[in-house]
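Chain residues, written in single-letter form:
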Amino acid sequence: MTTNINKSLLNNNNFRLLIEKIPTTEYFVKSATIPTLSFTELSVESGIGISAFYPGDKAEFGTLDVTFLVDEDLQNYKEIYDWIDAIVPLADPTSYKRSSATSSSTTNVFQGEDSLLQTSQITLITNTNKNIPNKFFRFYDAFPTSLGQITFESGADNETIAVDVSFRFTYYRIESSS
């Protein structure tokens, strides 16, 4: 029996990131980090001075961290800012009542009455060395938890501003087709 092994290496600069809720960010993404995946373990004393370890029952995901370049109109920055504002109203606390009603999402996670205001699917597409879409990392029920700072500096070289944003999500899948 022979196994077909792909000997091509994955390049770290051959990807696309699609965020359904904020499509303009796709063209400005500088980097994205696939989050860590870990799960708990059980430690049982064996009685002979060592512990035996067994797989646990709870998986935990890190955050999906993305760095994007800010356009001069701050459109992509404002889209994420407005998304956060839709989840936790920043300027108008009376609009917070829209998050008080609950309903279930496709993953049975309870959210506010309008889940479209709160979550989005995010897809990270890795491409082959021939720039053909290869793997699709689909992050479900994603929402931003952190929007990084913008630093202006007079007298600095003409550098493009990059901002970090972190997303939480329920889970992700790795698929081979769109």
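If you're wondering where the values come from, they're calculated on a predicted model, not measured in any experiment. Counting from 1, residues in each chain are numbered in the order their sequence is written. Side-chain atom pairs in this predicted model are given and counted only at pLDDT of 80 or more, local residue features only at pLDDT of at least 70, and totals for whole chains, interfaces and linings cover all residues. Excluded from the side-chain calculation are hydrogens and water; included are all heavy atoms of the structure.

Chemist: Even after reading the chapter, I still don't get the overall build of the protein chain, so can you show me in this structure?
Modeler: Elements are defined by DSSP. Helices are runs of H or I of four residues or more, strands are runs of E of two residues or more, and each kind is numbered from the N terminus. Of the regular secondary structure elements, the protein chain holds two helices and 11 strands. Only protein chains enter the accessibility calculation, which uses a 1.4 Å probe. A residue is then buried if its area is under 20% of the maximum for its type, exposed if over 50%, and partly exposed in between. Looking at the protein chain as a whole, 29% of its 178 residues are labelled buried. Of the contacts made within the protein chain by residues no fewer than 6 positions apart, 60% connect residues no fewer than 24 positions apart. Only the protein chains shown count as cover for residues, and the accessible areas themselves come from Shrake-Rupley with a 1.4 Å probe. Accessible area for the protein chain stands at about 12300 Å²; split by element, carbon and sulfur atoms hold 52% of it. Two residues qualify as a contact provided that any one of their heavy atoms is within 4.5 Å of a heavy atom in the partner residue.

Chemist: I would appreciate a short explanation of the confidence of the model for the protein chain in the present structure.
Modeler: Keep in mind that low pLDDT regions are not for reading the predicted coordinates in detail. Considering every residue of the protein chain, the mean pLDDT works out to 84; 84% of them sit at 70 or more. A residue's pLDDT is simply how confident the predictor is in it, with values from 0 to 100. Predicted confidence is poor over residues 100–104, with pLDDT under 50, and the contacts of this stretch with residues over four places away or in other chains come to 12 contacts.

Chemist: Explanation requested: unusual backbone geometry in the structure shown.
Modeler: Excluding glycine, most residues fall at negative phi; most peptide bonds, likewise, are trans. Phi is positive for Leu-74, close to 55°, though the residue is something other than glycine. Non-glycine residue Asp-141 carries a positive phi angle of around 55°. Its place among the elements puts Asp-141 in strand 9 (residues 133–147). Of the residues examined, Asp-141 reaches a relative accessible area of 10% and is grouped as buried.

Chemist: Is there a simple way to explain the environment of Leu-18 in this structure?
Modeler: Here Leu-18 is to be found in strand 1 (residues 15–19). You can call Leu-18 partly exposed: its relative accessible area is 26%. Taking the C-alpha atoms as reference points, Leu-18 and Leu-124, separated by 106 residues in sequence, lie 6.3 Å from one another. Not counting the four nearest positions on each side in its chain, Leu-18 is found in contact with Glu-26, Gln-121, Ile-122, Thr-123 and Ile-125.

Chemist: When you look at the nonpolar core in this model, what are you seeing that I'm missing?
Modeler: Considering soluble globular proteins, one finds that nonpolar side chains tend to be buried as a cluster. Ranked by internal contacts, the top residues of the largest apolar core, which has 23 residues, are Ile-122, Phe-139 and Phe-167. For this core, the elements supplying multiple residues, two or more each, are strand 1, strand 5 (64–69), helix 1 (75–87), strand 8 (120–127), strand 9 and strand 10 (162–168). It is helix 1 that provides the largest number of residues to this core, a total of five residues. Aside from chain neighbours lying at most four places away, what touches Phe-167 is Ile-19, Thr-63, Leu-64, Val-66, Trp-83, Ile-122, Phe-143, Pro-144 and Thr-145. As used in this record, nonpolar core signifies buried Ala, Val, Leu, Ile, Met, Phe, Trp, Tyr and Cys residues forming a set joined through side-chain atoms within 4.5 Å.

Chemist: Would you mind showing me how to read the packing of aromatic side chains here?
Modeler: Pairs were defined over the aromatic rings of Phe, Tyr and Trp, the Trp ring being its six-membered one, requiring ring centres within 6.5 Å. Orientation was assigned from the angle between planes: stacked under 30 degrees, edge-to-face over 60, tilted for the rest. Counted by the stated rule, this structure contains eight aromatic pairs. Between the aromatic rings of Phe-61 and Phe-169, the centroid separation amounts to 5.4 Å while the plane-to-plane angle is 50°, which identifies the pairing as tilted. In this pair, Phe-61 is assigned in strand 4 (residues 51–61) and Phe-169 in the loop between strand 10 and strand 11 (171–175), connecting sequence segments 108 residues apart. When its relative accessible area of 21% is taken as the criterion, Phe-61 is described as partly exposed. Grouping aromatic residues by their ring pairs yields a cluster made of Phe-61, Phe-137, Phe-139, Phe-169 and Tyr-172.

Chemist: Sorry, what's going on with helix 1 here?
Modeler: Since one α-helical turn is 3.6 residues long, residues separated by three or four positions face the same way. Every helix has an expected span of 1.5 Å times one less than the residues it contains. With 13 residues, helix 1 should cover 18 Å at 1.5 Å per step; its first-to-last C-alpha distance of 19 Å lies within 8% of that length. Buried within helix 1 we find Asn-76, Tyr-77, Glu-79, Ile-80, Trp-83, Ile-84, Ala-86 and Ile-87.

Chemist: Please explain the pattern of salt bridges as it appears in this structure.
Modeler: Side chains carrying opposite charge are able to pair once their charged atoms draw close together. Salt bridge criterion: a side-chain nitrogen from Lys or Arg within 4 Å of a carboxyl oxygen from Asp or Glu. Under the defined criterion, the tally for this structure stands at four salt bridges. For Lys-58, the salt bridge is made with Glu-60, and the minimal N-O distance between the two is 3.9 Å. For Lys-78, the salt bridge goes to Asp-82, with nearest N and O atoms at 2.8 Å. Of this pair, Lys-78 and Asp-82 both sit in helix 1, four residues apart, which is roughly one turn of that helix.

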